[in-house]
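Below are the chains, spelled out letter by letter.
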Amino acid sequence: MRKLVVFLILLVVALAILDRVAVAGAQREIARQIEAKYDLSSTPTVHIEGIPFLTQAVAGNYQEITIATGPLTREGITISKIDATLYGVSAPLADLIQDASKADLRAERVTGTIVIPRKTLEERAPRGVKIEGGGDDKLRVSGKITVLGQNIPVTADLKIDTVKGGIRLIPANVEIAGGISVPNVERLVGFTVPVKNLPLNLKVTKVRSVAEGLAVEGSATNVPLH
């Protein structure tokens, strides 16, 4: 009886070790495939949720996988990071081990958040304008705009709007130093940040101001992973 108990304990330990080794290998291969598919600047961090892993691997379907990327550039726009969650991922373990390049790795649904840093916003803003905001879901601009050869101090709130292929920052509550009347001042202060061709086919659903800049939330369905 004692030998049987010892054997069962050793078996459980061995299975637990095997489970962790297998999940590490699967995470590594999925990360490599995503990096290649979406031309990322570095290999993303991948974590397969759920224990034990082997039961999911046998079925070839993973309920939830989280990934995190480092900085990357899309359409000339620097993105500091992407945090995403993949749901209903089809990735048979046998295919990952034998030849992942031929496997149909796919996620039923993906949600993610892209962070566009303040520096990137300032690069797109009109010259002489600085972006401000403390993560309270508001952005402001301040600086000087050139009108008829004159540098005029200006401040304004920025309304965040989504447009086709990007994010439009529209000025409101514009204040001009000295109360000078400037026609079409909104056109001189507002600007657009292109956001398209995002990794994991993410489409913008919501944008909010955060301390780092802008947090762009997106989603996608039926997403290929290689």
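Residues numbered from 1 in each chain as written. Predicted model: local features only at pLDDT ≥ 70, side-chain atom pairs only at ≥ 80, totals over all residues. Heavy atoms only, no water.

1. Some words on the overall build of the protein
In terms of helices and strands, the protein carries 5 helices and 13 strands. Within the span of the protein, comprising 226 residues, buried residues form 40% of the whole. Within the protein, counting contacts between residues at least 6 apart in sequence, those at least 24 apart form 54% of the total. (Helix = DSSP H or I, 4+ residues; strand = E, 2+ residues; numbered from the N terminus. Buried < 20%, exposed > 50% of the residue type's maximum accessible area, 1.4 Å probe, protein only. Contact = heavy atoms within 4.5 Å.)

2. Details of the pairing of strand β6 (residues 106–117)
By the bridge criterion, 9 bridges tie strand β5 (residues 81–90) to β6 in an arrangement that is antiparallel. When the bridges of β6 are listed, Asp83 appears paired with Thr113. Of the pairings in the sheet, the one linking β6 to strand β13 (residues 213–224) comprises 11 bridges and is antiparallel in character. From the neighbouring strand, Arg106 faces β13, where its bridge partner is Pro224. (Pairing = 2+ DSSP bridges.)

3. Some remarks on the sheet that holds strand β9 (residues 150–163)
Sheet architecture is open: 5 strands sit in the order β7-β8-β9-β10-β11, paired in antiparallel fashion. Taken across any chain shown, the strands that pair with only one partner, and hence form the sheet edges, are β7 (129–132) and β11 (191–194). Adjacent strand axes in the sheet meet at a mean angle of 30 degrees when their direction is disregarded. The sheet contact formed by strand β8 (residues 139–147) and β9 spans 9 bridges and is antiparallel. The residue of β9 that forms the bridge with Thr146 is Asn151. (Axes fitted to C-alpha atoms, helices over the stretch in contact; angles between N-to-C directions.)

4. What about the nonpolar core?
With 52 residues, the main nonpolar core has Ile34, Ile65, Leu86, Ile116 and Leu200 as its most contacted residues. Beyond its immediate chain neighbours, meaning those up to four positions away, Ile116 contacts Ile77, Thr78, Leu121, Ile167, Val193, Val195, Glu212, Gly213, Leu214 and Val216. (Core = buried A, V, L, I, M, F, W, Y, C linked by side-chain atoms within 4.5 Å.)

5. Overview of the side chain of Arg74
Structurally, Arg74 is set in strand β3 (residues 72–74). We note that Arg74 is buried and unpaired, the nearest opposite charge coming from Asp39 at a distance of 5.4 Å. Residues contacting Arg74, with those up to four places away along its chain left out, are Tyr38, Asp39, Leu40, Ile79, Lys196, Asn197 and Pro199. (Lys, Arg positive; Asp, Glu negative; His and termini not counted. Salt bridge = Lys/Arg side-chain N within 4 Å of Asp/Glu carboxyl O.)

6. What to know about the packing of aromatic side chains
Inspection of the entire model under this criterion finds 0 aromatic pairs. Cation over ring: Arg109 sits above Tyr87, and NZ or CZ is 4.2 Å from the ring centre. (Phe/Tyr/Trp six-rings, centres within 6.5 Å; stacked < 30°, edge-to-face > 60°. Lys NZ or Arg CZ within 6 Å of the ring centre and 35° of its normal.)

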